[in-house]
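What follows is the residue order along each chain.
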Amino acid sequence: MKEIYSKEGVVQTYLEGNIIKVIWDVLHNKEALYESCNAQLEIVQNQPIAVIIIDISHAKGTPPMEVQKWFGEVLFPGYKKSSHFKGLINILPSSAITKMGANHWKKTAESKQFGFLVFETDSMQNAEKLAKEIIESPD
């Protein structure tokens, strides 16, 4: 596992084969959101990344609306440009507020215009299993 972006107490972003894993502790830090997501986007556009696992199971807060709008205008269209990219897997949070934020970006990503799928699960172990199934499935 190779670290691609980290901010102490906020987020750790790793590359593992053709999967990016992002573990969020704080989702309302605008600077970290942009920096982590831009690091992910650069890798997705330059390497054969198939899946991004986003662990928000213990995260506090939700991304500001400005950032969520950027997801739909810049980040998700950027992922779509990669022919290798198949989808996002969210590891669901326990916080109701964080869950509402996740639902917003999930709806944005699922709007069919981006060409990838969004999944939800309850643990990293299940996310890793699901990622393997997604990667192995024919398009």
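Below or above, wherever it landed, is the structure these notes cover. Computed from a prediction, not measured in an experiment: that's the story for all the values here.

**Side note on the overall build of the protein chain**
Part 1: Helix and strand counts for the protein chain stand at four helices and six strands.
Part 2: Mapped from its N terminus to its C terminus, the protein chain presents α and β elements in the order β-β-β-α-β-α-β-α-β-α.
Part 3: For the protein chain, the proportion of its 139 residues judged to be buried stands at 49%.
Part 4: Restricting the contact set of the protein chain to residue pairs at least 6 apart, pairs at least 24 apart contribute 71%.
Part 5: For the protein chain, the exposed surface amounts to about 7200 Å²; the carbon and sulfur share of it is 52%.

**A closer look at the packing of helix H1 (residues 30–46) against helix H2 (residues 65–80)**
Part 1: Running from N to C, H1 and H2 point in directions that differ by 10°, and their axes come no closer than 10 Å. Considering their axes alone, H1 and H2 lie roughly parallel with respect to each other. Contact with H1, carried on its side by Lys30, Leu33, Tyr34, Cys37, Asn38, Gln40, Leu41, Val44 and Gln45, involves Glu66, Val67, Trp70, Phe71, Leu75, Gly78 and Tyr79 of H2 and no other residues of that element.
Part 2: In the contact of H1 with H2, the residues fall into 10 nonpolar, four polar and two charged.

**Focus: the nonpolar core**
Part 1: Core analysis: the largest hydrophobic core is formed by 32 residues, its most contacted members being Ile20, Trp24, Ile52, Tyr79 and Leu88.
Part 2: Looking at this core, the elements that each hand over two or more residues are strand E1 (2–7), strand E2 (11–16), strand E3 (19–24), H1, strand E4 (51–55) and H2.
Part 3: With seven residues, H1 is the largest single contributor of residues to this core.
Part 4: Core analysis: the next-biggest nonpolar cluster, separate from the first, contains 10 residues, Ile19, Val51, Ala127 and Ala131 among them.

**Let's talk about the pairing of E4**
Along any regular strand the residues' side chains alternate between the sheet's two faces.
Part 1: Taken across its five residues, E4 has five buried, putting it largely inside the fold.
Part 2: Bridge analysis of E3 against E4 gives five bridges, and the strand direction is parallel. Bridging from a neighbouring strand, Lys21 pairs with Ile53 of E4.
Part 3: On the question of chirality, the crossover connecting E3 to the parallel E4 by way of H1 is right-handed.
Part 4: For E4 and strand E5 (residues 87–91), the ladder comprises five bridges, and the chain directions are parallel. Paired with Ile52 across the bridge in E5 is Leu88.
Part 5: Handedness of the crossover joining E4 and E5 through H2 is recorded here as right-handed.

**A short note on the environment of Lys21**
Part 1: With respect to the helices and strands, the residue Lys21 is situated in strand E3.
Part 2: Each C-alpha atom of the pair Lys21 and Lys2 lies 10.0 Å from the other, and the pair is 19 residues apart in sequence.
Part 3: Residue contacts for Lys21: discarding those within four places in its chain leaves Met1, Gln12, Thr13, Tyr14, Glu16, Ile53, Met124 and Glu128.
Part 4: Reaching out from Lys21, the side chain makes a polar contact with the side chain of Glu128 at a distance of 2.4 Å.

Criteria and cut-off values
Residues numbered from 1 in each chain as written. Predicted model: local features only at pLDDT ≥ 70, side-chain atom pairs only at ≥ 80, totals over all residues. Heavy atoms only, no water. Helix = DSSP H or I, 4+ residues; strand = E, 2+ residues; numbered from the N terminus. Buried < 20%, exposed > 50% of the residue type's maximum accessible area, 1.4 Å probe, protein only. Contact = heavy atoms within 4.5 Å. Areas by Shrake-Rupley, 256 points an atom, 1.4 Å probe, with all protein chains shown as cover. Axes fitted to C-alpha atoms, helices over the stretch in contact; angles between N-to-C directions. Parallel < 35°, antiparallel > 145°, perpendicular 65-115°, else oblique. Nonpolar A, V, L, I, M, F, W, Y, C, P; charged D, E, K, R; others polar. Core = buried A, V, L, I, M, F, W, Y, C linked by side-chain atoms within 4.5 Å. Pairing = 2+ DSSP bridges. Right-handed = clockwise from strand over helix to strand, strands pointing away. Polar contact = N/O pair within 3.5 Å; in protein donor to acceptor, adjacent residues only side chain to side chain.

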